[in-house]
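# Survey of secondary and tertiary structure
Below, each chain spelled out in residue letters.
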Amino acid sequence: MIEAIVFLPLAGAIIAGLISLAGARARHPGGDTVEHAGHDAHHDAHGGAGHAHAAAVHTDDDHGHDDHHAAEPAAAGSRAAELITTALLFVSAALSWVVFVNVGFLKQDALIRLAPWIVSGDLNVLWSLRVDTLTAVMLVVVTSVSSLVHLYSMGYMDEDPHRPRFFGYLSLFTFAMLMLVTSDNLVQLFFGWEGVGLASYLLIGFWYKKPSANAAAIKAFVVNRVGDFGFALGIFAIFALVGSTDFTTIFAAAPGLTDKTINLLGWHADALTLTCLFLFMGAMGKSAQFLLHTWLPDAMEGPTPVSALIHAATMVTAGVFMVARLSPLFELSPDAQAVVMFFGATTAFFAATVGLVQNDIKRIVAYSTCSQLGYMFVAMGAGAYSVGMFHLFTHAFFKALLFLGSGAVIYAMHHEQDIRNMGGLKDRIPFTYGTMVIGTLALTGFPLTAGYFSKDAIIESAAVAHNPFAMYAFLLTVAAAGLTAFYSWRLIFKTFHGEPHDVKHYEAAHEAPLTMLVPLAILAAGSILAGFPFKDVFVGHGVDEFFRESLSLKAGILDEMHHLPATVVYLPTLMMVAGFLVSWLFYIRRPYLPVELATQHPLLYKFLLNKWYFDELYEVIFVRPAKWIGYTLWKKGDGFLIDGFGPDGVSARVLDATRAAVKVQSGYLYHYAFAMLIGVAGLMTWFMFGLGGQ
């Protein structure tokens, strides 16, 4: 059963890939050709979050739109590819729920050794599938969301001519994430880790004829390489300390590492702290934490189903899972936990402030993901790993709902993504409106929704944590709760309420097809039902029995959370209500206030609108110096120095000399006679006035 869950998506990816290759060969018998579209190309159809067409062209003037023009018919076998991959994912999802019950509640943990992989000296790595409760939770999240995204994409991508390639990438993405969460050693985890990075690159840049999509894909890949460099160093450090990458061996040896040091460039650093910081560096890149977050908003260049999959189930959750999996290490390093909490709280607040003023519907939801990931890391830093996993579990449902709901809005508005051009859509697409409201309630932590139970528990864990940044994290997460409510309801009010700003698209707006609405309905139900029924096993008295050895459970922190004063417990709810009321005042009651506020505080508004100027800062600090170094090494080092004075330069001078010498050999007799005459005259002159005369 476990093997089927993991490898069915791989089978779907291979089948879709073969169909895609066959279709490409049929369309281009002589080989594939790529035409580079110009800025005057025709724009048509629905967007990167709308009705997708692959031969996409973006210009600088259509930022915020994903415009796609279908320049060719659909590939042969498109329907077969999407049906096969979707069916296999639903089978995998159904089996995952069975495993969730068997492992989580019936305690049927499993370790399946598939085959040897790497045997080199002390390094012995096996392909293994480790299935404990932590894995079971991730299996449910990944396969459930991915299967619904596959189904949604059948309607959403129905006019894209490259559907087999798209569905192949989706299934490959899912397989890589499943390999990551079922890994029994760090090397296999790193395989899945890099696999989701590759798949995200392919999917973000799926419309490869758009320069903006290519740039976003490269940006995601490069920024993640920074984090992955640290992650790789962490793996090397663990192997150097323990002599193994196997989790069981590492966790058994972890208590003995508390007094060890690592000589890092003459600095004798605490071994566990340094190792955990390297590992967390990888999590910062993959989960888009503060300083390594810049790739996440740009990832919106991919189709909307891709955004839902990245933000809800794969890629960004990998970092949270990794910290939870290695919780026995982090639990022994309070300094590393403090760093995790600091960056988590900072990210939660930073992303919430940026989300206040964004106008692209997908980017608003993207920044909310960045903020919610910060919440999860706050719980990890507090040692409440089960609480962080609870929020990962609930967040998957309402965040996938918000992204897919946003896609339905863009579908209805004919590729429009700017919420300033929307309005009044609740009357045109009432079902989508209802599901988006449910997702917003869950995101903001409305009582009895899934987000209420998990998000408030994180804030409570920060309040009782024995961490140097506990108060800092508590204050910032409470503030972020109010900001989240404000920008979430701002999205709802500007999109679905008020007067329509684009009458033409408003009148043409209609509900999405059933293949898109069914996933919205299921995710809306999950946004409510994923909370209270699972509260006890994640944050209640059933945690120890549910998670057992799969997580390091800090004694006492959950009990302390249950004895907090009422003012702390209800403070996040009060902030949520306050955020809603301010948003209602700004965008329903007195819609002129936001404009006045932005006019009165232009510097603050531009600061938030430009995302704290991180892209511009990195441009100055890293990009321009890197370009200057590369250009200088190319022109001065390679061109002038090496080519000028090295082998190329010497050979060039020899050629110059030989070309000059060749000109002397003209073949004319009078040339040779003249040369001889000059020689005789020179010789006589030398004898008369030179040494010869003496």
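Nothing here was measured: the structure is a model prediction, and the numbers come from that model.

A count of helical and extended segments in the chain gives 29 helices and four strands. Expressed as lengths along the three principal axes of its C-alpha atoms, the size of the chain is roughly 120 × 70 × 55 Å. Burial statistics for the chain: of 694 residues in total, 56% are counted as buried. Put simply, 79% of the contacts in the chain that link residues at least 6 apart link residues at least 24 apart. When the accessible surface of the chain is totalled, it reaches about 28500 Å², and 68% of it is carbon and sulfur.

So, about the pairing of strand β2 (residues 123-131). In the case of a regular strand, side chains alternate between the two sheet surfaces. By the bridge criterion, nine bridges tie strand β1 (residues 110-120) to β2 in an arrangement that is antiparallel. Along β2, the bridge assignment pairs Val-119 with Asn-124. Counted between consecutive antiparallel strands, the loop separating β1 from β2 contains two residues, among which Gly-121 sits at a positive phi close to 60 degrees.

The next subject is the packing of aromatic side chains. All told, the structure shown has 53 aromatic pairs when counted by the stated rule. Ring geometry for Trp-117 against Phe-191: centres 6.2 Å apart, planes inclined by 80 degrees, an arrangement best described as edge-to-face. Separated by 74 residues along the polypeptide, Trp-117 in strand β1 and Phe-191 in helix α5 (residues 186-204) bring together distant segments of the chain. Residue Trp-117 is classed as partly exposed on the basis of its relative accessible area, which comes to 32%. Through a chain of ring-to-ring contacts, the aromatic side chains of Trp-97, Phe-100, Phe-105, Phe-390, Phe-393, Phe-397, Phe-534, Phe-538, Phe-546 and Phe-547 assemble into a single cluster. Above the ring of Phe-221, the side-chain terminus of Arg-225 is found at 4.3 Å from the ring centroid. Sitting over the ring of Trp-634, Lys-635 keeps its end group 4.1 Å from the ring centre.

A word on α5. An ideal rise of 1.5 Å per residue puts 27 Å on 19 residues; α5 measures up with 26 Å between its terminal C-alpha atoms. Between the side-chain oxygen of the N-cap and the backbone nitrogen of Val-187 there are 3.2 Å, and the N-cap of α5 in question is Asn-185.

A few words on the side chain of Asn-467. Its place among the elements puts Asn-467 in the loop between α17 (450-464) and α18 (470-496). Every residue in contact with Asn-467, bar those within four places of it in the chain, is listed here: Gln-337, Ala-338, Met-341 and Gly-381.

With that out of the way, let us pick up the nonpolar core. One finds Trp-295, Phe-330, Met-389 and Phe-538 to be the most contacted residues of the largest nonpolar core, which totals 195 residues. Each residue touching Phe-538, except ones within four places of it in the same chain, is listed here: Val-137, Ser-386, Val-387, Met-389, Phe-390, Phe-393, Val-543, Phe-546 and Phe-547. Counting residues in each nonpolar core, the second largest holds six residues, with Ala-237, Ile-262, Ala-271 and Phe-278 among its members.

Attention now moves to the packing of helix α14 (residues 361-382) against α18. At a minimum axis separation of 11 Å, α14 and α18 run at an interaxial angle of 160 degrees. When the axis of α14 is compared with that of α18, the two are roughly antiparallel. In this structure, the crossing between α14 and α18 has a hand that is left-handed. Along the contact surface, α14 presents Ile-361, Ile-364, Val-365, Tyr-367, Ser-368, Ser-371, Gln-372, Tyr-375 and Val-378, while α18 presents Ala-473, Thr-477, Ala-480, Ala-481, Thr-484, Tyr-487, Arg-490, Leu-491 and Thr-495. A per-class count over the contact of α14 with α18 returns eleven nonpolar, six polar and one charged.

Oppositely charged side chains are able to pair whenever their charged atoms sit close together. Overall, the coordinates contain 19 salt bridges when judged by the stated rule. The residue Arg-548 makes a salt bridge to Asp-109 at a minimum N-O spacing of 2.7 Å. Pair noted here: Arg-548 is in the loop between α22 (543-547) and α23 (557-561) and Asp-109 is in the loop between α2 (78-104) and β1, with a separation of 439 residues, a long-range link. Residue Lys-219 is joined to Asp-615 by a salt bridge in which the shortest nitrogen-to-oxygen separation is 2.8 Å. Taken together, the residues span a long stretch of sequence, with Lys-219 in helix α6 (residues 211-242) and Asp-615 in helix α27 (residues 614-645) at a distance of 396 residues.

Quick look at the confidence of the model for the chain now. Close reading of the predicted structure is inappropriate where its pLDDT is low. Across the chain, pLDDT averages 88, with 93% of residues at or above 70. Predicted confidence for residues 35-65 stays below pLDDT 50, and this span has 108 contacts to residues more than four positions away or in other chains.

Thresholds applied
Residues numbered from 1 in each chain as written. Predicted model: local features only at pLDDT ≥ 70, side-chain atom pairs only at ≥ 80, totals over all residues. Heavy atoms only, no water. Helix = DSSP H or I, 4+ residues; strand = E, 2+ residues; numbered from the N terminus. Buried < 20%, exposed > 50% of the residue type's maximum accessible area, 1.4 Å probe, protein only. Contact = heavy atoms within 4.5 Å. Areas by Shrake-Rupley, 256 points an atom, 1.4 Å probe, with all protein chains shown as cover. Pairing = 2+ DSSP bridges. Phe/Tyr/Trp six-rings, centres within 6.5 Å; stacked < 30°, edge-to-face > 60°. Lys NZ or Arg CZ within 6 Å of the ring centre and 35° of its normal. Expected span 1.5 Å × (residues − 1). Polar contact = N/O pair within 3.5 Å; in protein donor to acceptor, adjacent residues only side chain to side chain. Core = buried A, V, L, I, M, F, W, Y, C linked by side-chain atoms within 4.5 Å. Axes fitted to C-alpha atoms, helices over the stretch in contact; angles between N-to-C directions. Parallel < 35°, antiparallel > 145°, perpendicular 65-115°, else oblique. Left-handed = near helix turned anticlockwise from the far one by under 90°. Nonpolar A, V, L, I, M, F, W, Y, C, P; charged D, E, K, R; others polar. Salt bridge = Lys/Arg side-chain N within 4 Å of Asp/Glu carboxyl O. pLDDT = per-residue confidence, 0-100.

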